[in-house]
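Topology and contacts: notes
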Amino acid sequence: MTSAEPRVTVVVLTHDRCDEVLRTVGGLSALPDRVRLCVVDNGSRDGSADALRAAFPGVHVIEAGGNLGAAGRNLGVRRARTPYVAFCDDDTCWQPHSLDLATDILDRHPDIAVLCAQVQVGDDGRPDPACERIARSPLPSRGMPGKALLGFLAGAAVMRTCAFLETGGYHPAFFIGAEEALMALDFA
């Protein structure tokens, strides 16, 4: 790949949140980072897929045909043609340069499968409570670019596409909530 080619595909998961996903994809499209965008529409009945195609013709939209929960992300990852994949919910967005930074870190650390982002919430950008717990990880982190973790946030992670596929992706039985638990154990 040339340096101008995207190294990461951002997979956005949505269900019946047309306004939110349009705003999120607009923010992702404006990033200076080199990314490909893929939205998985989990069976929306509010016209999200058509609205996305009209507003963002360069974004790959996959209609899941029903609400698969977190396992809908698997459809997006299977279509990724980049070495890395990042996840985003329909009401969140990555900060400028964060995805390029994450892929640079993964390039330098081939033994790391996944990076978890620091999620900031509210107008004041306070750290998400889950991220505060993660930051207190007691695992040895020597030689790593950050804290070693035995978990990550499914909607705020960047990982190697091949590692995701090797685990089989998100298990449909988890639907939404703790869907990353089995994958985190597989990575460990």
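Residues numbered from 1 in each chain as written. Predicted model: local features only at pLDDT ≥ 70, side-chain atom pairs only at ≥ 80, totals over all residues. Heavy atoms only, no water.

Below, the discussion takes up helix α1 (residues 18–29). Between the first and last C-alpha of α1 there are 16 Å, a value that for 12 residues agrees with the 16 Å anticipated at 1.5 Å per step. Listed as buried for α1 are Cys18, Val21, Thr24, Val25 and Leu28. All buried residues of α1 project into a common sector of 130° when viewed along the axis, lining one side. Structural note: α1 exposes Asp19 and Arg23 on the side pointing more than 90 degrees away from its buried face. Packing partners of the buried residues in α1 comprise β1 (8–14), β2 (35–41), α2 (48–55) and β4 (84–89). (Helix = DSSP H or I, 4+ residues; strand = E, 2+ residues; numbered from the N terminus. Expected span 1.5 Å × (residues − 1). Buried < 20%, exposed > 50% of the residue type's maximum accessible area, 1.4 Å probe, protein only. Arc of directions from axis to C-beta. Contact = heavy atoms within 4.5 Å.)

This brings us to the side chain of His109. Tracing the chain through its elements places His109 in the loop between α4 (98–108) and β5 (114–116). By relative accessible area, His109 is classed as buried at 18%. The residues contacting His109, other than those within four sequence positions of it, are Gly143, Pro145 and Arg160.

It is worth spelling out the packing of aromatic side chains at this point. Enumeration over the complete set of coordinates arrives at 3 aromatic pairs. Measuring from centroid to centroid gives 5.6 Å for Phe87 and Phe164, while their planes differ by 40°, and the two rings are tilted. Here Phe164 lies in helix α6 (residues 161–167) and Phe87 lies in strand β4, a separation of 77 residues in the sequence. The two residues Phe87 and Phe164 agree in class, both being buried. Pairing Phe87 with Tyr170 gives two aromatic rings, centres 5.9 Å apart and planes at 70°, and the pair type is edge-to-face. In this pair, Phe87 is assigned in strand β4 and Tyr170 in the loop between α6 and α7 (181–187), connecting sequence segments 83 residues apart. Residue classification places Phe87 among the buried positions, given a relative accessible area of 0%. The rings of Phe87, Phe164 and Tyr170 are connected pair by pair, giving a single aromatic cluster. (Phe/Tyr/Trp six-rings, centres within 6.5 Å; stacked < 30°, edge-to-face > 60°.)

To continue, consider the packing of α1 against α2. For the pair α1 and α2, interaxial distance at closest approach is 9 Å and the crossing angle is 30°. Viewed along their axes, α1 and α2 adopt a mutual orientation that is roughly parallel. In terms of crossing hand, the pair formed by α1 and α2 is right-handed. In this structure, α1 contributes Cys18, Val21, Leu22 and Val25 to the contact, and α2 contributes Ser48, Ala51, Leu52 and Ala55. Among the residues forming the contact of α1 with α2, the class breakdown is 7 nonpolar, 1 polar and no charged. (Axes fitted to C-alpha atoms, helices over the stretch in contact; angles between N-to-C directions. Parallel < 35°, antiparallel > 145°, perpendicular 65-115°, else oblique. Left-handed = near helix turned anticlockwise from the far one by under 90°. Nonpolar A, V, L, I, M, F, W, Y, C, P; charged D, E, K, R; others polar.)

This brings us to the pattern of salt bridges. Scanning all chains against the criterion turns up 10 salt bridges. Asp50 is the salt-bridge partner of Arg53, the closest N and O atoms lying 3.9 Å from each other. Remark: Asp50 and Arg53 occur in helix α2; sequence separation between them is 3 residues, near one turn of the helix. Among the salt bridges present, the one from Asp124 reaches Arg126, with a minimum N-O distance of 2.9 Å. Its relative accessible area of 58% is what places Asp124 among the exposed residues. (Salt bridge = Lys/Arg side-chain N within 4 Å of Asp/Glu carboxyl O.)

With that settled, the discussion passes to the sheet that holds β1. In spatial order, the strands read β3-β2-β1-β4-β8-β5; together these 6 strands make up an open sheet with mixed pairing. Two strands close off the open sheet at either side, each with one partner strand: β3 (60–63) and β5. On average, adjacent strands in this sheet sit at an angle of 20° to one another, irrespective of strand direction. Summarising the sheet, β1 and β2 pair through 7 bridges and their orientation is parallel. Within β2, the position partnered with Leu13 by the bridge is Val40. Relative to the sheet, α2 contacts β2 and β3, its axis offset from that of β3 by approximately 165°. In the packing of α4 onto the sheet, the strands contacted are β1, β2, β4, β5 and β8 (157–160), and the crossing angle to β8 comes to about 35°. (Pairing = 2+ DSSP bridges.)

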